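Next come the chains, spelled out residue by residue.
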Amino acid sequence: MKTVSRSFPLLVLAAALSFGAAAQAQEFKAGFVNTDRIFREANAAKAAQTKLEAEFSKREKDLLDQGNALKAAGEKFERDAPTLSESQRVTRQRQLVDQDREFQRKRREFQEDLSARKSEELSQVLERANKVVKQVAEQEKYDVVLQEAVYINPKFDITEKVLKALNASAPAK
């Protein structure tokens, strides 16, 4: 199913080209937009990235500090282990395992939260970009605009026009 959905735009393009060739009275105009480039270069995408960094920087620093403290505690345990009694060694080892488990849980939660927020922010950028793509396509009378393809001749790439329109229509907050 995924292969069909990926190749569907190309099938539509091929059908439109063949229809256009049969009619020969109307010229077919196609364009391509590089979504990855939109996510890298659009002001809205840059603003979203800055927003995410601000939102998650404190948690990331806390995790880094906790990781460093856990590493230091592990090194201290390795140094002290030969002089500790068996019960002390077992107790400290359990504490380190529990601290590591808690650290791993917090790190996993952080990654999940960051991933979810990043997805939210990028979907908003993509939604706005798609509106701008539609506006550009209507203004310049494109018959089809593709966002994914294995190869596109650079003369069909309208990403720069879309970036300019997107940055002009909604400046970064």
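Everything below is about the structure printed above this text.
Below is a short write-up of the structure. Quick caveat, the model's predicted, so the values are computed rather than measured. (Residues numbered from 1 in each chain as written. Predicted model: local features only at pLDDT ≥ 70, side-chain atom pairs only at ≥ 80, totals over all residues. Heavy atoms only, no water.)

Each helix and strand counted, the protein has 5 helices and 2 strands in total. Going from N to C terminus, the protein has its helices and strands arranged as α-β-α-α-α-β-α. Evaluated residue by residue, the protein yields a buried proportion of 24% over its 173 residues. When contacts within the protein are restricted to residue pairs at least 6 apart in sequence, long-range pairs at least 24 apart make up 78% of them. (Helix = DSSP H or I, 4+ residues; strand = E, 2+ residues; numbered from the N terminus. Buried < 20%, exposed > 50% of the residue type's maximum accessible area, 1.4 Å probe, protein only. Contact = heavy atoms within 4.5 Å.)

With that settled, the discussion passes to the pattern of salt bridges. Counting across every chain of the model gives 17 salt bridges. When the shortest N-O distance is used, the salt bridge between Arg101 and Asp98 registers 3.1 Å. Here the residue Arg101 and the residue Asp98 both occupy positions in helix H4 (residues 86–139), the gap between them amounting to 3 residues, near one helical turn. Among the residues examined, Arg101 registers a relative accessible area of 54% and is labelled exposed. Salt-bridge contacts for Glu140 lead to Lys161; the nearest nitrogen and oxygen are separated by 2.8 Å. Note that Glu140 is positioned in the loop between H4 and strand S2 (144–146) and Lys161 in helix H5 (residues 159–169), a separation of 21 residues in sequence. The exposure class of Glu140 is partly exposed, given its relative accessible area of 28%. Residue class for Lys161 comes out partly exposed when judged on its relative accessible area of 38%. Taken together, the shared-partner salt bridges connect Lys51, Glu55, Arg117, Glu120 and Glu121 into one network. (Salt bridge = Lys/Arg side-chain N within 4 Å of Asp/Glu carboxyl O.)

The first and last C-alpha atoms of H4 sit 78 Å apart over 54 residues, in line with the 80 Å expected at 1.5 Å per residue. Among all positions in H4, only Leu96, Phe103, Phe110, Arg117, Glu121, Val125, Ala129, Val132, Val133, Val136 and Ala137 are buried. Tucked into the core, H4 has its buried residues touching helix H2 (35–41), helix H3 (43–80), S2 and H5. One or two steps after H4, the chain reaches Lys141, where phi turns positive at roughly 60°. (Expected span 1.5 Å × (residues − 1).)

If you walk through the whole model with that rule in mind, you get 1 aromatic pair. Arranged with centres 5.8 Å apart and planes meeting at 75°, the rings of Phe56 and Phe110 form a pair that is edge-to-face. Here Phe56 is found in helix H3, whereas its partner Phe110 is found in helix H4, with 54 residues between them in sequence. Comparing Phe56 with Phe110, the two get one shared label, buried. Across the ring face of Tyr142, the terminal group of Lys29 is positioned such that the distance to the ring centre comes to 4.6 Å. (Phe/Tyr/Trp six-rings, centres within 6.5 Å; stacked < 30°, edge-to-face > 60°. Lys NZ or Arg CZ within 6 Å of the ring centre and 35° of its normal.)

Right, let's talk about H3 for a bit. Here H3 spans 54 Å end to end across 38 residues, near enough to the 56 Å set by a 1.5 Å rise per residue. Of all the bends found along H3, the most pronounced is centred on Phe56 and spans about 45°. All buried positions along H3 are accounted for by Ala44, Ala45, Ala48, Leu52, Phe56, Leu63, Gly67, Leu70, Phe77 and Asp80. Where the residues of H3 are buried, they touch H2 and H4. (Bend = angle between axes of the 7 residues up to and from the residue.)

This brings us to unusual backbone geometry. The backbone of Lys141 sits at a positive phi, close to 60°, despite the residue not being glycine. Mapped onto the fold, Lys141 is located in the loop between H4 and S2.

Attention shifts here to the nonpolar core. Formed by 17 residues in total, the largest nonpolar core has its most connected members in Val33, Ile38, Ala42, Ile158, Val162 and Leu166. Contact partners of Ala42, with chain neighbours within four places excluded, come to Arg37, Leu163, Leu166 and Asn167. Core analysis: the next-biggest nonpolar cluster, separate from the first, contains 10 residues, Leu52, Leu70, Ala81 and Leu84 among them. (Core = buried A, V, L, I, M, F, W, Y, C linked by side-chain atoms within 4.5 Å.)

So far we have only geometry, and geometry alone does not tell us how the molecule works.
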